[in-house]
Amino acid sequence: MQALRRELLPPSGVEFTASLNLTPAINGGKEVFRNLVVARSSFLRIFEVREELAPLPSIEDVVSSGRKGMEAVEGEVEMDEQGEGFVNVGVVKPAVQNQNIVQSTVTRLYFIRSHRLHGIITGLDRVQTLATAEDGLDRLVISFKDAKIALMEWSEASFDLTTISIHTYERAPQLLSFNASHHQARLRMDPNSRCAALSLPRDGIAILPFYQSQADLDVGEQDQAFAKDVPYSASFVLDLTQVDERIHNVIDFVFPPGFNNPTLAILCEPQQTWTGRLKEIKDTVSLFIVTLDLNTRTYPIIAQVHSLPYDCMALLPCPTSYGGVIVSTPNSIFHVDQTGRTIVTPSNGWAPRVTDLRITDDADSGTRNVALEGSCMVFVEERKLFVFAADGTVYPVELVVEGRAVTNIVISLPLVQLAIPTSVLDVGKDHLFLGSTVGPSLLLKVVKVLEEVKDASQSADTIGDSLDLDMDLDDDIYGEKVMAPEALANGATNGSVETRVVLHLSLRDSLKEHGPISDMAFALAQNGDRYVPELVTCTGSGHTAGFTLFQACYLAAFGMHCRDLPTRIKRKLHAIGGSRGVWSLSVRPGSKLSTSGRAGLLPDVDSIIVSTDATPTPGLSRMASRSPKSDVVIFGRATVTTIGAASFFQRTAILQVTTNAIRVLETDGTERQVIKDTDGNVVRPKIRVCSISDPFILILREDDTLGLFVGEAERGKIRRKDMSAMGDKTSRYLAASFVTDQTGLFKLANNPGATHGKSKLKGQTTTLEAATDASRGTQWLMLCRPQGVMEIWSLPKLTLAFSTSIISPLQSTLADSYHPVAKSIPENPPRKAQSFDIEQMIIAPIGENDPILHLFVYLRCSQLAVYRIHGVPPPNGFPGNREASLLIQFTKILSVALDSFDETEHALTPENKRIQRRLIPFVTTVNHNFTLSGVFFTGDRPHWIINTDRAGVKLVPCSYSVVHAFTTCSVWDSKSDFLLYTDEGPCLIEWIPEVSLDSAIPSFQVSRGRPYSNIAYDAPTGLIVAASSLKTSFVMFDDDGSPMWTPDAPNVGDPQMECSTIELISPDDWATLDGFEFPSNEFINAVQSVELETLSTATNVKDFIAVATTVYRGEDLAVKGAAYIFEVVEVVPDPTSKRCYRLRLHCRDDAKGAVTAICGINGYLASSMGQKIFVRAFDLDERLVGVAFLDVGVYVTSIRSLKNTLIIGDAVQGVWFVAFQEDPFKLIVLGKYAQNTCITSVDFFFRNDEMSIVAGDEDGVIRILAYDPTNVESDGGQRLILRTEFHGQSEYRSSVTTVSRIHDDMPCSRLLTGRSVDGSLHVLIPVEEPVYKRLQLLQGQLTRNIQHIAGLNPRAFRIVRNEYASRPLTKGILDDGLLEMFDDLAVTKQVEMTRQIASDRSIIVKDLTTNAGSW
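Residues numbered from 1 in each chain as written. Predicted model: local features only at pLDDT ≥ 70, side-chain atom pairs only at ≥ 80, totals over all residues. Heavy atoms only, no water.

A closer look at the overall build of the chain
Next up, step 1: Check the secondary structure of the chain and you find 17 helices and 96 strands.
Next up, step 2: Per-residue burial for the chain yields a buried fraction of 55% across its 1415 residues.
Next up, step 3: Of the accessible surface of the chain, which amounts to about 61300 Å², a share of 49% is contributed by carbon and sulfur atoms. (Helix = DSSP H or I, 4+ residues; strand = E, 2+ residues; numbered from the N terminus. Buried < 20%, exposed > 50% of the residue type's maximum accessible area, 1.4 Å probe, protein only. Areas by Shrake-Rupley, 256 points an atom, 1.4 Å probe, with all protein chains shown as cover.)

Take a look at the structure:
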């Protein structure tokens, strides 16, 4: 059985970070002071960090804040200190000469690019090469899990990362005879970019040297160009045991700054110990400082310190002014300088008990109890650093320095609790980036402020009193005291005032991540009047944990669910119609109908709706407005079909384009002017599409001819515009539209060598509309000719500014070809439509705070491409004789086939003309706090095309199967409304509030402040049962019930352990209705909703909640367990609520071992206990009675049932396939997969009449097993046959099977895999054998013929090492991440590649789209 594995959610969170100058400082006209590169697992993202002026309040905010003229004047808010309430403006605001007014700024992250690499990233860093001196850009170094280092640089030509080199150390002696799967690789870079170091197993370090000067090159002048292309010398592997035999078991290493040669500080533990052996041996860690002479390959040790605490964790290099390194342990922080001098400061009372080092105590040492496991450190000043503890609490630490020697380390009280840190990085300009793998990642700024010291008693205790454990980051860090003159009201000074430097932490931006997925379950959510499936996941950790919800819409035609953007219907508007089009228009206040019954109308709020229907012939158009009672009032009708409508003449009139005329209407619907579309007395073909951009109108007729009109504002009428510069009036065009640039990106460069015309360098129009409103931007005309040539013309003067002939194949980059005007005269016989013809193209801005212009191209073969537009420098010389050229370039960032294409199905019949696919730009307000620009794609299978600041461009399906017409509509005073004509008729909708658009699937995050380990959905009540995982103190008791040990000091605490509670949660408001608290030493392993036999219902079955637990009893006693049966029952509600539910405990069944897995089978309960599987009956709703058991492996991790069969996953002995017999009761082993593999999850997987078993292990390997007694290799079915091994690179412990029926009511399953550490979500889709064979050949072509990012091998990334097979079992599972690259190829390349595998592009596209969807 074959399958396709698709990634639905990429890895979530940030594990590795790098701050560098990767892209030019001026990118697209915006100043970028730094680039931020973040990575998690195989997912790499690149951001720009921009510091911008704070935005001014919007008009809506000003209007809603109060009446005009009632705002406070400057100084009014600073009231008299004597309490009289009078304001003396002259005293409050003294005149100060040369006073600098500093405007407030905001710092934001802007997404640039992302890549899913074919390797697990283990480190990121920046490096400066010889080319940096020329372009000022840094290069990016990436390390991978399989001992590889890639050197990357930014390419403006492709607007993406390009690979300089890839260095592999897989064949190093340290890896040949060692299983490196559990080795934690570390990448470190020399501060002066002289070399990079990658740790290898068995105390090895790979060194990659870089050239930094001509002396390093040591080559002749003729080799300079080659040295710039190859900025590194030969790398080598350094065996640390050859440097010193005591350097063994490396813990961490860094490059301290300030040395002439690259120098390593290595923290290692030559003789290992652990907590239980501290009485025998402690202080086993050593620190070696080694200089690397890269020329002579000698490595002298310049300093070494021994007898450091055994639990040392990490190193942090100190500034060069005093040198040395900071070493962190779970119980202390200490500084070690080059002479070996050590200064230790304890963080809790355990420090003097685990080390013999001399400890420097302070006044708070006796009460301070701070655990530093999992903490991160970063310097914010030369002598001050922040320590981010594992729970997100920030502790300021100051180093007291005398001369060049550190004499003390002061740990202050905590400041604030942020996200749980994984890494902390100094971004630059006093900015910090806190990366987290379990929650949001934060961009912070450190602000220095002088603050007055009111009294000498105010000390660090004040900081502790202001501790706020939430996301408010305006807490202070008090620094050194200084003396400053006190300013009086008149500007004079009065002596001096004691002040001190205060460091404020300010939250600037964040990456909202859901973190790891602990468990998941499907629930039903109500969207308006319909129910949709909703995936509820337990995500996050600590105080940032909670639930993350994902929704999907069902496409009946394809039998699958697609991840859609959740919307809800606000009202039905059947009266306006609009099956062929609908437009919501805004007219200027003061005109008719603009303010009828709507006091305080904002100037840009819509007031008129124009709609059209194709029936009855020749069509019906309506004009409607809102009545004082908020109803729809139709005030105009016409028996014509409207092609387009818009407000015109600066919103004082309405322009309506019909199939044969252009009408200018007053705002009340009366006619001002009509221009018939005729050629003399000859009626032209009907108008099929139009584009309106005040004051220009463009029409495109059914014979592909074009008409251009312009409005004269002073006369209030329109006229035809001369188009002779574009060619003959009979010229043909496939698509055309206007472009409005408000970003200033479209800039013209003159051709000094042009022989005709003298144009000045300018990029803006000279129309009356542009002169009266500078914010309108520049206007341009974009055309596409039948031969596939795209042209951009300037307006109002028609001057060719851009031309390219490679847009139809959808090449990756579109640049100006400098060609003259192309001819597109009619052909004889008439040209037939081609499958790769452009059907529509527009340029529109999409984004949040800084919308970016994008080009959208839709081909007749249903291929949609999105190009990002960015500026390019002026050319050195114009190749042609054209007057000017636009300094822009198009880079393809998204390409997707929306459905399969068939010439017979896409014939231009009247049936197919009814559903038109159009690209419609929109601007909406999301969650009432920010504005988002996007594009909506109408027709069959409509989509939203959106772009967010932190996630980039994405294509999100709409929840309706067909949308005939679309427009934004603020008639009802809400700028978040959309007016759609769907298969359900016209309706006004809005996005669900609080929806997150940054994730791959639109999601909701429900913060609960505590993590959840398991979740189940109770279908009868529609409620959710979740197991919360909490921390509690671990206490052991003796036989008398007294604690065996209690803390003997305030700075020593009890060890922590997990405990669990069950919560009954309502998905409506996410309130906890009821709960059950387990003992402190009992935690939950599994929660399932099972159907058990009972006598209390007519059907003899009922849904119950089964819970499996483990009872921990310390190190000396074996664990026990229990199985609980709960029922969600309805009780008498409170007077304030309608319905009320509670959890009722029916029974608790104790077990001699841990109950690790549980499920239902044919009305019975199957559970594990130690090495056995039990099947129990629920007797009289009060106890569990065993009916069958089976001895299985060592530790059961997963159980799944299907009818009367079970599959069992074991941590040691693989997979068991078992049948349950009821007469007599017996468990029968059908087959085993007995290889020593740690299985974490098992599932049934089937399609039509085929069934397989899917098993995942702790390394992320996915195996497909088959039960086939007829196969000789199965020994009569006793062995499960291994068909496929696929390395998923991410362990999953939870899975959900969804079933649909497509052909002949045969079932087909999809396996959704989650509960992953990296937060990714995947789906396994069964594939028919003919489809699999075609896609397998295509996958091979893509592997060999495409240059992959970082030079990685996608096939090697998925290969599993199997000692029992002669060759890798790679066939059976397709990698959708690789197949998605087919859409990114140019259309001509797609045709060529499919021809090489004896197939056709349309067939491959059909195969890929048929297997699309989420679950």
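Points about the pairing of strand β83 (residues 1172-1179)
Next up, step 1: Counting buried residues in β83 gives six out of eight residues, a clear majority hidden from the surface.
Next up, step 2: For strand β82 (residues 1164-1169) and β83, the ladder comprises five bridges, and the chain directions are antiparallel. What sits directly across from S1167, in β83, is F1174.
Next up, step 3: Here β82 folds back onto β83 in antiparallel fashion, the turn holding two residues, of which G1170 has a positive phi close to 65 degrees.
Next up, step 4: Two strands pair when backbone bridges link them, and β83 and strand β84 (residues 1183-1191) are joined in this way by eight bridges, in the antiparallel orientation. Bridging across to β84, V1175 finds its partner in A1188. (Pairing = 2+ DSSP bridges.)

Structural notes on the packing of aromatic side chains
Next up, step 1: In the structure shown here, the tally under the stated rule is 35 aromatic pairs.
Next up, step 2: Taken together, a centroid distance of 5.7 Å and an interplanar angle of 85 degrees make the contact between W944 and F966 edge-to-face. Here W944 is found in strand β67 (residues 943-948), whereas its partner F966 is found in strand β69 (residues 962-968), with 22 residues between them in sequence. Of the two residues, W944 and F966, both sit in the buried class.
Next up, step 3: Put simply, the rings of F922, F936, W944, F966, F978 and W991 touch in pairs and so form one group of aromatic residues.
Next up, step 4: Note that R50 overlies the ring of Y110, its terminal NZ or CZ placed 4.1 Å from the centroid. (Phe/Tyr/Trp six-rings, centres within 6.5 Å; stacked < 30°, edge-to-face > 60°. Lys NZ or Arg CZ within 6 Å of the ring centre and 35° of its normal.)

Let's talk about the nonpolar core
Next up, step 1: Residues F547, W944 and W991 are the most contacted members of the largest nonpolar core, which totals 35 residues.
Next up, step 2: Filtering out sequence-adjacent residues up to four positions away, W991 remains in contact with L565, P566, T567, F922, T924, V926, L932, W944, I946, S976, F978 and L997.
Next up, step 3: Counting residues in each nonpolar core, the second largest holds 33 residues, with L4, V1323, L1342 and L1379 among its members. (Core = buried A, V, L, I, M, F, W, Y, C linked by side-chain atoms within 4.5 Å. Contact = heavy atoms within 4.5 Å.)

Concerning the environment of I517
Next up, step 1: Mapping I517 onto the fold places it in strand β33 (residues 517-527).
Next up, step 2: I517 sits 31 residues away from T548 along the chain, and the two C-alpha atoms are 9.1 Å apart.

Details of the pairing of strand β45 (residues 661-665)
Next up, step 1: The buried count for β45 comes to five of five residues, which makes it a mostly enclosed element.
Next up, step 2: Burial along β45 is two-sided: A661, R663 and L665 facing one way and I662 and V664 facing the other are all buried.
Next up, step 3: Looking at chain direction, strand β44 (residues 653-658) and β45 are connected through four bridges and run antiparallel. Residue pairing across strands places Q656 opposite R663, the latter belonging to β45.
Next up, step 4: Where β44 folds back on β45, the antiparallel hairpin that results is connected by two residues.
Next up, step 5: Pairing between β45 and strand β46 (residues 671-676): five bridges, direction antiparallel. Opposite L665, over in β46, you have E671 as the bridge partner.

As for the pattern of salt bridges
Next up, step 1: Applying the stated criterion to the full structure yields 61 salt bridges.
Next up, step 2: When the shortest N-O distance is used, the salt bridge between E51 and K445 registers 2.9 Å. A residue pair is termed long-range when its members are at least 10 positions apart, and E51 in strand β6 (residues 43-53) and K445 in strand β30 (residues 441-452) qualify at 394 residues.
Next up, step 3: E1285 is the salt-bridge partner of R1263, the closest N and O atoms lying 3.1 Å from each other. Of this pair, R1263 sits in strand β91 (residues 1261-1266) while E1285 sits in strand β92 (residues 1281-1287); the two residues are 22 residues apart in sequence, bridging distant segments of the chain. The same class applies to R1263 as to E1285, namely buried. (Salt bridge = Lys/Arg side-chain N within 4 Å of Asp/Glu carboxyl O.)

Here's the deal with the confidence of the model for the chain
Next up, step 1: Scored by pLDDT, the chain has a mean of 85; 86% of the residues are at 70 or more.
Next up, step 2: Segment residues 903-914 is flagged for pLDDT under 50; beyond a separation of four residues in sequence, or across chains, it makes twelve contacts in the model. (pLDDT = per-residue confidence, 0-100.)

Thoughts on the environment of I409
Next up, step 1: Take I409: it is sitting in strand β27 (residues 405-411).
Next up, step 2: Judged by relative accessible area, I409 falls into the buried class, the value being 1%.
Next up, step 3: Considered as a pair, I409 and K384 are 25 residues apart in the sequence and their alpha carbons are 9.7 Å apart.
Next up, step 4: I409 has contacts with I333, F334, H335, I343, T345, V397, E398 and L399, leaving out every residue within four places of it along the chain.

Concerning a nonpolar patch on the surface
Next up, step 1: Side chains of W350, M1044 and W1045 sit close together on the surface and give an oily, nonpolar patch of about 310 Å² of accessible area.
Next up, step 2: As for its position among the elements, M1044 is in the loop between β74 (1023-1033) and β75 (1056-1066). (Patch = residues over 30% accessible without salt bridge, like charges linked within 9 Å, V, L, I, M, F, W, Y side chains within 5 Å.)

Observations concerning the packing of helix α12 (residues 1329-1345) against helix α17 (residues 1401-1410)
Next up, step 1: At their nearest, the axes of α12 and α17 sit 10 Å apart, and the two run at 110 degrees to each other. Classified by the angle their axes make, α12 and α17 are roughly perpendicular. Contacts from V1331, R1334, L1335 and L1338 in α12 reach I1403, I1404, D1407 and L1408 in α17.
Next up, step 2: Classifying every residue of the contact of α12 with α17 by side-chain character gives six nonpolar, no polar and two charged. (Axes fitted to C-alpha atoms, helices over the stretch in contact; angles between N-to-C directions. Parallel < 35°, antiparallel > 145°, perpendicular 65-115°, else oblique. Nonpolar A, V, L, I, M, F, W, Y, C, P; charged D, E, K, R; others polar.)

Remarks on the sheet that holds strand β8 (residues 121-127)
Next up, step 1: Here we have four strands laid out as an open sheet, ordered β8-β9-β10-β11, and antiparallel in their pairing. This sheet does not close on itself; its edge strands, each paired only once, are β8 and β11 (160-168). Sheet twist, expressed as the average angle between the axes of neighbouring strands with direction ignored, equals 25 degrees.
Next up, step 2: Pairing geometry for strand β10 (residues 148-155) and β11, over eight bridges, is antiparallel. Each bridged residue has a counterpart across the sheet, and for K148 the counterpart in β11 is T168.

Here we look at the sheet that holds strand β7 (residues 105-116)
Next up, step 1: Strand order in the open sheet formed by four strands is β2-β5-β6-β7, with antiparallel pairing between adjacent strands. Among the strands making up the open sheet, the edge pair consists of β2 (16-20) and β7. Sheet twist, expressed as the mean angle between neighbouring strand axes with direction ignored, is 20 degrees.

Quick word on α12
Given 3.6 residues per helical turn, the α-helix brings residues three or four places apart onto the same face.
Next up, step 1: The end-to-end C-alpha separation of α12 is 24 Å, in line with the 24 Å expected for 17 residues at 1.5 Å each.
Next up, step 2: Every buried residue of α12 is listed here: V1331, Y1332, L1335, L1338, Q1339, G1340, Q1341, L1342 and T1343. (Expected span 1.5 Å × (residues − 1).)

Observations concerning unusual backbone geometry
Next up, step 1: Of note, the bond from T615 into P616 is cis; its omega dihedral lies within 30 degrees of zero at -5 degrees.
Next up, step 2: Mapped onto the elements of the fold, P616 is located in the loop between β40 (608-613) and β41 (620-626).
Next up, step 3: One non-glycine residue, N249, adopts positive backbone phi at about 55 degrees.
Next up, step 4: With respect to the helices and strands, the residue N249 is situated in the loop between α7 (240-243) and β16 (250-254).
Next up, step 5: One non-glycine residue, D430, adopts positive backbone phi at about 65 degrees.
Next up, step 6: Looking at the element boundaries, D430 is found in the loop between β28 (423-428) and β29 (431-435).

Points about the side chain of Q863
Next up, step 1: Mapped onto the elements, Q863 comes out in strand β61 (residues 863-871).
Next up, step 2: Given a relative accessible area of 1%, Q863 falls into the buried group.
Next up, step 3: Ignoring sequence-local partners within four residues, the contact set of Q863 consists of L810, V857, Y858, S895, V896, A897, D1383, Q1390 and R1401.

Some words on the environment of D949
Next up, step 1: With respect to the helices, strands and loops of the structure, D949 is situated in the loop between β67 and β68 (952-957).
Next up, step 2: As a C-alpha pair, D949 and L511 span 438 residues in sequence and 9.9 Å in three-dimensional space.
Next up, step 3: For D949, the contacting residues outside a window of four places in its chain are L109, Y110, F111, E848, N849 and D850.
Next up, step 4: A polar contact is formed between the side chain of D949 and the side chain of N849, at a distance of 2.6 Å. (Polar contact = N/O pair within 3.5 Å; in protein donor to acceptor, adjacent residues only side chain to side chain.)

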